[in-house]
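# What the coordinates show
What follows is the residue order along each chain.
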Amino acid sequence: MLDPLKIRRDFPILERQVYGRPLVYFDNAATTQKPRQVIEAISDYYQTYNSNIHRGVHYLSQQATQAHENARARIRKFLNARESHEIIFTRGTTEAINLIAASFGKAFIRPGDVIMVSELEHHSNIVPWQLLCEDRGAELRVIPIDDQGEILMDVYRELLDERVKLVAVTHVSNALGTVVPVEEIIRLAHLNGSPVLVDGAQAVAHFPVDVQAMDADFYCFSGHKIFGPMGIGVLYGKTDWLEKMPPYQGGGEMISEVSFERTTYNELPFKFEAGTPSVSDTIGLDAALAYLEQTGLEEVRAYEHQLLMHLLMRLSEISFIRILGHPRRQSGVVSFLPGDIHPYDMGTILDKLGFALRTGNHCAQPLMNHFGIQGTIRASLAFYNTVEEIDRLAEAIRRTEIMFR
Ligand code: PLP
C-alpha cells in the first residue's frame, strides 16, 4: 500500500507554509509538484554534463545524448509503445496537438473533411483544430456529453461518417475528472477508418496507460503534470502515420542533407524534433517516470481512488455545495459550486487559509457553457495528498460560508 507520508518527504515544496499556514496543494491538474529526485537530476545535468546532444563526439555530449535517449526509451516503456522512434519530444501537450494539427492536417485534411472533438475538451484540444479547419476548409464536429459529464456514445456512433478524418478526445477531463472510454471511442473510429488522437495530459500521472492496448494512433502528455519539469512533453504516434507526415518545423537535427536546391529529412523521431531540445527537461522527466515506476501506478490509482471517494463524501455533506458531473469512472478531479457565493470569492478566502485550488473555467469554456456557468472551484488530487487535507478543506469551506453569511 502506498504511504503518502513517505512520498511527501520527497517533495520539498509540500513542507512550506503560505500566509503562515501549511500549504495544502489541490491544484495538481494545473501542474504537479516535483520530487527531490527530479530536481537533483536536472541540477546534476547542469553541474556535471551540460552539453548539446547528438552532434558532438566529445565525452560530455555523448553522456548528455545517452541520458536524453534513455529518457525516450523509458517513455516508450511507460506508454508501452512499440518503438522508441514513436516517442517525439515536444514542449508539452499543447505543442504535441499543434504538431499533429499542422503536420497531419497538411498531409491528410482537405476541404469538407471533418475533425471530431468532444464537449469535454481543454482549449488546447479545440483551438488547434479550429485553426486547421479554417485553414483547410474543414469542419469541426462536437460529440456532446450528458449532465453527468459522460460522452454520449450513441450520438458519437451516429456522428461518425466517411468525412471524419480524425477524432481527438481527452483521456480524462481536466474539469470534471471523467475517465473517457477511449478504447471504445478508438474501436468505433477505426471501424470507420478514422485515426484517433488521445490527450493524456490528465491521465498519465494517475493510472497506467498502454497505447498499444487502447490502439491510439496518437497520444500526448505534458511533463509538468506528471511530477516532471515544465517545458517538456511527449507525442506518441504510430510509425505508419509518422512516416507519412511532413516535418512540423525546420532547422537543425530534423534534416538528413541540406542544399539550397533540396533538403532531405532525418529519420524518426528526429524528423519532428527541429533544434536543440530541452535536454535538462527530458532528463528531469526521466527521473519523474522512474519515481512513478518505483511507486507503482496501480498503487497510485488505488490510493487516489480512496482520496476521491473521501473528497466526494466530504463535499456532499456540505449542503450548499453542488458538485458538477457524476461520471461513472472518475479520476481525482472534482469541480464544485459553493451555493450563491462566487467561486472566485471562495477560492480567494481558501487561498488565505493555505489551500491551493483553482477557480475559473479551467480552459474549458465550451464545457462550462454546457452547464450554463462561468466557472467552478476545482480540487485536483495527487498521490501526495492525504485524507486529513481533505477533511481540513471541508472544514475550511464550512468556515468560509459562515464568513460570507
Ligand atoms: N489537455 C488537458 C486535458 C489539460 O488539462 C491541459 C492542461 O491543463 C492541456 C491539455 C494543456 O497542457 P499544457 O499546457 O501542459 O500543454
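Note that the structure is a prediction, hence the values are computed from the model and not measured.

Two numbers describe how helix α3 (residues 59-79) lies on helix α10 (residues 279-295): the axes approach to 9 Å, and their chain directions differ by 40 degrees. The angle between α3 and α10 falls in the class oblique. Classified by chirality, the crossing of α10 by α3 is left-handed. The residues of α10 that touch α3, namely those facing Ala64, Ala67, His68, Asn70, Ala71, Arg74, Ile75, Lys77 and Phe78, are Val279, Thr282, Ile283, Leu285, Asp286, Leu289, Ala290, Leu292 and Glu293.

Right, let's get into the environment of Val180. Its place among the elements puts Val180 in the loop between β7 (164-170) and α7 (182-191). We classify Val180 as buried; its relative accessible area is 1%. On a C-alpha basis, the gap between Val180 and Ile151 in space is 7.2 Å, while along the polypeptide they are 29 residues apart. Look past the residues within four positions of Val180 in its chain and what remains in contact with it is Leu120, Ile151, Thr170, His171 and Ile185.

So, about the nonpolar core. Membership of the largest hydrophobic core comes to 108 residues, with the highest contact counts inside it found for Leu79 and Phe383. A domain-level breakdown of this core finds at least three residues from each of domain 1 (4-30 + 297-404) and domain 2 (39-293). Core analysis: the next-biggest nonpolar cluster, separate from the first, contains 25 residues, Ile109, Ile115, Leu132 and Leu242 among them.

Two elements in contact, helix α11 (residues 297-316) and helix α14 (residues 387-404), have axes separated by 10 Å at closest approach and are oriented at 20 degrees. In terms of orientation, α11 lies roughly parallel with respect to α14. Remark: the crossing between α11 and α14 carries right-handed chirality. Two secondary-structure elements touch here, α11 through Tyr303, Leu307, His310, Leu311, Arg314 and Leu315 and α14 through Val387, Ile390, Asp391, Leu393, Ala394 and Ile397.

Let us now look at α14. With 18 residues, α14 should cover 26 Å at 1.5 Å per step; its first-to-last C-alpha distance of 26 Å lies within 8% of that length. Within the sequence span of α14, burial applies to Glu389, Ile390, Leu393, Ala394, Ala396, Ile397, Thr400 and Glu401. The buried side chains of α14 occupy one side of the element, clustering within an arc of 165 degrees when seen end-on. Along α14, exposed side chains directed more than 90 degrees from the buried face belong to Ile402 and Met403.

What follows concerns the site of the ligand. Within the structure, the ligand sits among 13 residues, and Thr94, Asp199, Gln202, Ser222 and Lys225 are positioned closest to it. In this structure, an oxygen atom belonging to the ligand sits 2.7 Å away from a side-chain N or O atom of Gln202. Protein contact buries 85% of the 400 Å² of open area that the ligand shows by itself. The class makeup of the residues in the shell around the ligand is 2 nonpolar, 9 polar and 2 charged.

With respect to the helices and strands, Glu304 occurs in helix α11. Salt bridges are absent for the buried Glu304, whose nearest opposite-charge side chain, Arg301, sits at 9.1 Å. Side-chain polar atoms of Glu304 contact the side chain of His206, separated by 2.7 Å. In this structure, Glu304 is in contact with Ala205, His206, Leu381, Ala382 and Phe383, ignoring residues within four places of it in sequence.

Bringing the domain arrangement of the protein into the picture now. In terms of domain boundaries, the protein breaks down into domain 1 (4-30 + 297-404) and domain 2 (39-293). Relative to domain 2, the C-alpha centre of domain 1 lies at a distance of 28 Å. Counting from both sides, the interface comprises 36 residues of domain 1 and, opposite them, 33 residues of domain 2. Between domain 1 and domain 2, roughly 3,000 Å² of surface is buried when both sides are summed, and carbon and sulfur atoms account for 57% of that area. Close ionic contact of Glu150 with Arg328 constitutes a salt bridge, the shortest N to O distance being 3.8 Å. Taken together, domain 1 and domain 2 are joined by 18 residue pairs in polar contact (both at pLDDT 80 or more).

With that settled, the discussion passes to the pairing of strand β10 (residues 233-237). The element β10 is largely enclosed, with a buried count of 5 among its 5 residues. Side chains Gly233, Leu235 and Gly237 project from β10 onto one buried face, and the interleaved Val234 and Tyr236 project onto a second face that is buried too. Taken together, the 4 bridges between strand β4 (residues 87-90) and β10 define a ladder with antiparallel strand orientation. Bridge pairing in β10 places Ile87 opposite Tyr236. One ladder, built from 5 bridges, connects strand β9 (residues 218-222) with β10; its direction is antiparallel. Paired with Tyr219 across the strands is Tyr236, a residue of β10.

Attention now moves to the environment of Met230. With respect to the element layout, Met230 can be found in the loop between β9 and β10. Between the C-alpha atoms of Met230 and Gly284, which are 54 residues apart in sequence, the distance is 9.5 Å. Apart from the residues within four sequence positions on either side, Met230 is in contact with Thr31, His224 and Asp281.

Judged by how many residues are buried, strand β17 (residues 376-380) sits mostly within the fold: 5 of 5 residues are covered. Of the two faces of β17, the one holding Thr376, Arg378 and Ser380 and the one holding Ile377 and Ala379 are both buried throughout. In the sheet, strand β14 (residues 333-338) pairs with β17 via 4 bridges, with the strands oriented antiparallel. In the sheet register, Val334 faces β17, and the bridge partner there is Ala379.

The rules behind the values
Residues numbered from 1 in each chain as written. Predicted model: local features only at pLDDT ≥ 70, side-chain atom pairs only at ≥ 80, totals over all residues. Heavy atoms only, no water. Axes fitted to C-alpha atoms, helices over the stretch in contact; angles between N-to-C directions. Helix = DSSP H or I, 4+ residues; strand = E, 2+ residues; numbered from the N terminus. Parallel < 35°, antiparallel > 145°, perpendicular 65-115°, else oblique. Left-handed = near helix turned anticlockwise from the far one by under 90°. Contact = heavy atoms within 4.5 Å. Buried < 20%, exposed > 50% of the residue type's maximum accessible area, 1.4 Å probe, protein only. Core = buried A, V, L, I, M, F, W, Y, C linked by side-chain atoms within 4.5 Å. Domains from an automatic or database assignment. Expected span 1.5 Å × (residues − 1). Arc of directions from axis to C-beta. Near = heavy atom within 4 Å. Polar contact = N/O pair within 3.5 Å; in protein donor to acceptor, adjacent residues only side chain to side chain. Areas by Shrake-Rupley, 256 points an atom, 1.4 Å probe, with all protein chains shown as cover. Nonpolar A, V, L, I, M, F, W, Y, C, P; charged D, E, K, R; others polar. Lys, Arg positive; Asp, Glu negative; His and termini not counted. Salt bridge = Lys/Arg side-chain N within 4 Å of Asp/Glu carboxyl O. Buried area = accessible area lost by both parts, 1.4 Å probe. Pairing = 2+ DSSP bridges.

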